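# Fold and contact review
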Amino acid sequence: MKKLVFYLFFLITIFSYTQDPYVGYWEMPDKKVVIQIEKINNEYVGYVRWLKDPVYPKGDPMQGVEQFDRKNPDSKLRNRKVMNLQVVGGLYLNKSKTELVDGWIYDSWNGKMYHGTVKVINENTLNLRGSLDQWGILGYSMKVKRVKLTGGKISY
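Below is a short write-up of the structure. (Residues numbered from 1 in each chain as written. Predicted model: local features only at pLDDT ≥ 70, side-chain atom pairs only at ≥ 80, totals over all residues. Heavy atoms only, no water.)

Turning our attention to the environment of G152. As for its placement among the helices and strands, G152 is situated in the loop between β8 (139-150) and β9 (153-155). A relative accessible area of 47% means that G152 is categorised as partly exposed. Separated by 103 residues in sequence, G152 and R49 have C-alpha atoms that sit 8.5 Å apart. (Helix = DSSP H or I, 4+ residues; strand = E, 2+ residues; numbered from the N terminus. Buried < 20%, exposed > 50% of the residue type's maximum accessible area, 1.4 Å probe, protein only.)

Turning to the environment of G24, a few remarks are in order. As for its placement among the helices and strands, G24 is situated in strand β1 (residues 24-27). Given the relative accessible area of 13%, G24 is considered buried. Expressed as a C-alpha distance, the spacing of G24 and V147, which sit 123 residues apart in the sequence, is 7.9 Å. Aside from chain neighbours lying at most four places away, what touches G24 is I35, Q36, I37 and R146. (Contact = heavy atoms within 4.5 Å.)

For the rest of this paragraph, the subject is the nonpolar core. Formed by 21 residues in total, the largest nonpolar core has its most connected members in I35, V48, V87, V118 and L126. If near-sequence neighbours (up to four positions away) are discounted, V118 is found in contact with Y22, L91, E99, L100, L126, N127 and L128. (Core = buried A, V, L, I, M, F, W, Y, C linked by side-chain atoms within 4.5 Å.)

Here we come to the pattern of salt bridges. Applying the stated rule across the entire model yields 5 salt bridges. One salt bridge connects E38 with R49, and the closest N-O pair in it is separated by 3.9 Å. In this pair, E38 is assigned in strand β2 (residues 33-40) and R49 in strand β3 (residues 43-51), connecting sequence segments 11 residues apart. Overall, E38 belongs to the partly exposed group, its relative accessible area being 23%. Residue classification places R49 among the partly exposed positions, given a relative accessible area of 25%. Of the charged contacts in the structure, one is a salt bridge between D69 and R80, with a shortest N-O distance of 2.6 Å. With D69 in the loop between β3 and β4 (86-93) and R80 in the loop between β3 and β4, this pair connects stretches of sequence that are 11 residues apart. Under the relative-accessibility criterion, D69 is labelled buried at 0%. For R80, a relative accessible area of 30% gives the class partly exposed. (Salt bridge = Lys/Arg side-chain N within 4 Å of Asp/Glu carboxyl O.)

So this is what it looks like as structure tokens:
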């Protein structure tokens, strides 16, 4: 019995230390987009996994059409769908292991690419910063909240 308790405690401890605080589903502050951040070969990348409005809304010239990357500065990329589009990449844990740095964030709503960094605020909140300059001086920060995404439905 003591061995069983020890092994159970050991497994729980390992699991709690191996959970990466950046990996998961994150809802943007406007509650219109959820991105999934994954770690692939030490690089953190993010993809659009949920859209409040997967098609263009009433009043838009493309009303009812599935949203795509229509404002991309590269005309060859304008036909990419926004759903499952990579919007975060090149992020790596810094030497002090306190934040993700040296990455990029793509805003498909305006077709602009930004220098990106990400910091953990707490287990359910990240500070996502996109900057025009690589030093992060001219930019915008937003707090994104962790959500669960199951069968296309968000839960908190």
